[in-house]
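A closer look at the structure
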Amino acid sequence: MSYSKIIIVVMLLATAGIGAGAGMVEQSSDTSQFETGSDAQEASNYIQTNFQGDDNLTVVQVVQRGDNVLTQEALLESLRVQKEYRATPSINQTLADENAMFGVENFVAQAQLQREALARQQQQPEPQQSGQQSAQRQPPTLDEQIAAIERIDDSPWTLEELLTETPGLLTQNTSSPALSLMASSYEPGTTTASARVTIVQQKTFGGSVQSPDGFSENITTAQLDMRDISGSIADDSGQLEYTVFGAGIIFEEIDQSFGDSGAIVGPLALLFVVLALVVAYRDLLDIILGVTGIFAVLIWTFGFMGWAGINFNQLLLSVPVLLIGLSIDYAIHVFMRHREMRADETKSDNIRRSMTLALGGVGAALVWVTATAAIGFLANLTSPIGPLRDFGVVSAFGVVSALLIFGALIPALKVELDSLLERIGIDRKKRAFGTGESRFSRVLASGATAAKRFPVGVVVVTLLLTIGGAAGATQVDTSFQQEDFLADSPPAWTQDLPEPFAPGEYQAKEDLEFISANFQQEGSEGEILIRGDVASDGALRAVDAANTDLEDSETAFRLPNGELDIRSPLLVMQETAAANPESEFAENFAAAAGVENPTPQQLAAAVPEQNIEALYDQLFQINPAASEVIYRTDSGEYEALRLTVAVQSDATGSAITSDLRGAASSIESSSGGDLRAAATGDRVVQSETEDALLSTVVQGLVITLVAVFLFLAVAYRLTGNPASLGVVTLAPVVFSVAWILGSMWLLDISFNALTGTITSLTVGLGIAYSIHISSRYELELRRQENVWDAMETTVTGTGGALLGSAATTVGGFGTLVFAILPVLRQFGIITGLTIIYAFLASVLILPSLLVLWTRYLGPSGYFPDEETPDSQTTDETTAADGGQTD
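Once that is clear, we can look at the pairing of strand β1 (residues 57-65). Burial analysis of β1 places seven of its nine residues in the buried class, the great majority of the element. Relative to strand β3 (residues 195-203), β1 runs antiparallel, the two being bridged by nine bridges. Across the sheet, the residue bridging to Val 59 is Gln 201, located in β3.

Structure (structure tokens):
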């Protein structure tokens, strides 16, 4: 500390330079960044690039609920809602150019108009019939549709007859677009239903429905306006309830929940940390210096992210809290060791000398803590998930920043300020937290007492608890889905908070649960990409084999009539032929399938096995839907086919993946090797992400533990201690990992985007506690030459600093339980438990391990019953388990 002024100037300049990058940090909540680059992801990218369809559209589901949503009044109200959407500029400008809105109400109105047109045709001369048919081909306006449904009462047929007898509506034995819009509980052929859905299609304007970062703000505004309009109409009529669900609403609530959570948790965390520092420091200047150091570490970290081009994502939410915890740990150890040095009468006369001795005593431990924590975080570089790699790099940089800030800048500031205050007569000597005859010191001493009396017993109980935790760890689930980031309705107490702390309203999660239980959730589809000789004679037979295979799938979504909601080249061909049985395409299709004089029903079941390429050519000419299921290159070659099937929203990703891969396997085997098929779709990609997440947890943990052990073994060896001390130091961390994973199982918390980092956090935070205890014990053992005196000094001195650090960090993370977002609440609970476990393992279990290590593997001569280094002995005897008898 001889050059404290120079250190201050250099560090402040560095802070300004690095911190300048903080303004370049961008926020990203895009869930697609968690994708792993797997075969399923490659197939998904291929489909998005090469198959035409609704990639430039996003879908909003408007669900109507009531006692009966098939009454005339209910259908009219739904059409009036659509009309209000059209009349609202913010909504209308986002609607798709074609087929923007469709629901059962539209199909009923069109059926009414078609029946009326047919009745008129039967009463008019032939030339006028043709003109009427031509006019009827124009899509009817909403006003025309409303008027048509209003005229049903004056028609020769009833609404019930219209619904159940019109082909394509709600007839019992046929699939139809209208039937797919009914709740899964609806019974086909009846005229009573409790829910149905209207689909609204919006243009994405080049954005992605997977990424809120590229999602147009006006789409989100339009979806929120839809929700307001529907709610207003429902309030006025009292007839139906509406649920409006779309990607824009989801992204809006995710962003809002992060903001609301931060508004509640941020002040609470800061308040708790300050209060804890008040208890630990009992000194205003030290509190200010500690908080200043924390802000400096955060500035360095966010500045590094900006310069490195790393976006702030969901996973990096944990980094600021992590760094606050580590910064507090570093600060408390430096400050408390400095206070201990100043309490020593031989060193108290010189502040600089006391700080130099303090850094000399605790500095090595801080360097080791930094190195081992960085190793733990950098193990995430082995992960195929991008945000996990970013988490590792940013966290590692953050802990190095904490070392530099609290190893140089803050000590230098403290020396200068303390010296200034003492020159004007203010005494800066303070008692270190946990020392003396305080209540805390007596509690902390229990670990040393247990180590003296029954160390083997402590270890045996610890091993039993660890085995139990490890058993529970094998049962922890993995999940990765957007629902993790949807907030529940805020608890009642939050509604009384003043602005800007009061949270908004949240409906998306409840709406999603209802839609998932009753309808096919938009975007919840499985896909199979088929490549190879897709125009071979057996190609469509292979596709048919996949259709048959999926019929037995338990994860496929079924329409109210029990049929699958599936789309494939074969089905598009069958529908096209059956809809126009007299067309040239239908004739060629039947001939290729070997069917003579086919009925529409036979065409809908035929499977061509020859002239496939010619059929593809014809299909592209007459049906635009061909480009959604068949990929034709610019040179006219047929390169790939696409099969999509709706899957159940509540089915697990692994089950969906298994069923789709089974169908893909059927395609490959049925084609005799001519085709290659890959299962894909959002749920399959998510399932692979879950597998990658679990693999990262296991692989990263193994790499971290091995790397940390090697580092500690070498470090202790270089400082004159046996490498076995590294094993002893690492053991409490291993215990903590097993305990926290077992706790996750008991609390029914799965690995997700945030909790998947828990093993890295456990090692990164836990190793700090263990190293401080082991390093202080080894130092005091050489100083005091008595194992019991050394242990008592360690657990009351360093243990006191650890207690202050643990209390503040647990409090900081613990405030996350007040977050609006469930995933943040879970993360706060698990991280708080991690710190508690690491602290308890260090001050209650590690002392017993160190005693046994000293007895059997460490240096000799430090037990009272042994010859001490200066050949002095005592009359005390050793307990049977390695401890000390009374």
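So, about the packing of helix α24 (residues 653-670) against helix α25 (residues 682-718). Between α24 and α25, the least distance of the axes is 8 Å, while the angle of their chain directions is 120°. In terms of orientation, α24 lies oblique with respect to α25. The crossing of α24 and α25 is left-handed. The residues of α25 that touch α24, namely those facing Gly 653, Ser 654, Ile 656, Thr 657, Leu 660 and Arg 661, are Arg 683, Val 684, Ser 687 and Glu 688. Across the contact of α24 with α25, the residue classes tally to three nonpolar, four polar and three charged.

Next up on the list: a nonpolar patch on the surface. Taken together, the side chains of Leu 268, Trp 745, Leu 746, Leu 747, Val 817, Phe 818 and Ile 829 define a hydrophobic patch exposed on the protein surface, amounting to about 620 Å² of accessible area. You can see Trp 745 is positioned in helix α26 (residues 724-746).

Compared with an ideal rise of 1.5 Å per residue, which puts 38 residues at 56 Å, helix α14 (residues 386-423) spans 54 Å between its outermost C-alpha atoms and is within 8% of the ideal. Taken as a whole, α14 carries its principal kink of about 35° at Ile 405. Phi for Gly 425, located one or two positions after α14, is positive at around 95°.

Turning next to the sheet that holds strand β4 (residues 241-245). Whether parallel or antiparallel, the strands of a sheet pair through hydrogen bonds between backbone atoms. Strand order in this open sheet of four strands is β2-β3-β1-β4, and the pairing throughout is antiparallel. Among the strands making up the open sheet, the edge pair consists of β2 (101-102) and β4. By the bridge criterion, five bridges tie β1 to β4 in an arrangement that is antiparallel. Each residue of the ladder has a partner; that of Gln 64, found in β4, is Tyr 242.

Moving on, we come to the packing of aromatic side chains. A full pass over the atoms with the stated rule returns 13 aromatic pairs. Residues Phe 304 and Phe 397 carry aromatic rings whose centres are separated by 4.2 Å and whose planes lie at 10° to one another, so their mutual orientation is stacked. On the criterion of sequence distance, the pair formed by Phe 304 in helix α11 (residues 284-308) and Phe 397 in helix α14 is long-range, its members being 93 residues apart. Judged by relative accessible area, which is 23%, Phe 397 ranks as partly exposed.

When the terminal C-alpha atoms of helix α5 (residues 104-121) are compared, their 25 Å separation across 18 residues agrees well with the 26 Å that a helix rising 1.5 Å per residue should span. Those residues of α5 that sit buried are Val 104, Glu 105, Asn 106, Val 108, Ala 109, Ala 111, Gln 112, Leu 113, Glu 116, Ala 117 and Gln 121.

Turning to the side chain of Arg 776, a few remarks are in order. For Arg 776, the position within the fold is in helix α27 (residues 758-784). Setting aside residues no more than four positions away along its own chain, Arg 776 makes contact with Arg 337, Glu 340, Ile 771, Thr 793, Thr 794, Gly 797 and Thr 798.

With that out of the way, let us pick up the pairing of strand β9 (residues 675-680). With five of six residues buried, β9 lies mostly within the body of the structure. Direction of pairing for strand β5 (residues 525-532) relative to β9: antiparallel, over a ladder of six bridges. Along β9, the bridge assignment pairs Arg 531 with Arg 676.

A few words now on the side chain of Thr 729. Note on placement: Thr 729 falls in helix α26. A polar contact is formed between the side chain of Thr 729 and the side chain of Tyr 716, at a distance of 3.4 Å. There is a polar contact of 2.8 Å between the side chain of Thr 729 and the backbone oxygen of Leu 725. Setting aside chain neighbours within four positions, we find Thr 729 in contact with Leu 712, Tyr 716, Ile 767, Ser 770, Ile 771, Ser 774 and Leu 846.

Cut-offs and rules
Residues numbered from 1 in each chain as written. Predicted model: local features only at pLDDT ≥ 70, side-chain atom pairs only at ≥ 80, totals over all residues. Heavy atoms only, no water. Buried < 20%, exposed > 50% of the residue type's maximum accessible area, 1.4 Å probe, protein only. Helix = DSSP H or I, 4+ residues; strand = E, 2+ residues; numbered from the N terminus. Pairing = 2+ DSSP bridges. Axes fitted to C-alpha atoms, helices over the stretch in contact; angles between N-to-C directions. Parallel < 35°, antiparallel > 145°, perpendicular 65-115°, else oblique. Left-handed = near helix turned anticlockwise from the far one by under 90°. Contact = heavy atoms within 4.5 Å. Nonpolar A, V, L, I, M, F, W, Y, C, P; charged D, E, K, R; others polar. Patch = residues over 30% accessible without salt bridge, like charges linked within 9 Å, V, L, I, M, F, W, Y side chains within 5 Å. Areas by Shrake-Rupley, 256 points an atom, 1.4 Å probe, with all protein chains shown as cover. Salt bridge = Lys/Arg side-chain N within 4 Å of Asp/Glu carboxyl O. Expected span 1.5 Å × (residues − 1). Bend = angle between axes of the 7 residues up to and from the residue. Phe/Tyr/Trp six-rings, centres within 6.5 Å; stacked < 30°, edge-to-face > 60°. Polar contact = N/O pair within 3.5 Å; in protein donor to acceptor, adjacent residues only side chain to side chain.

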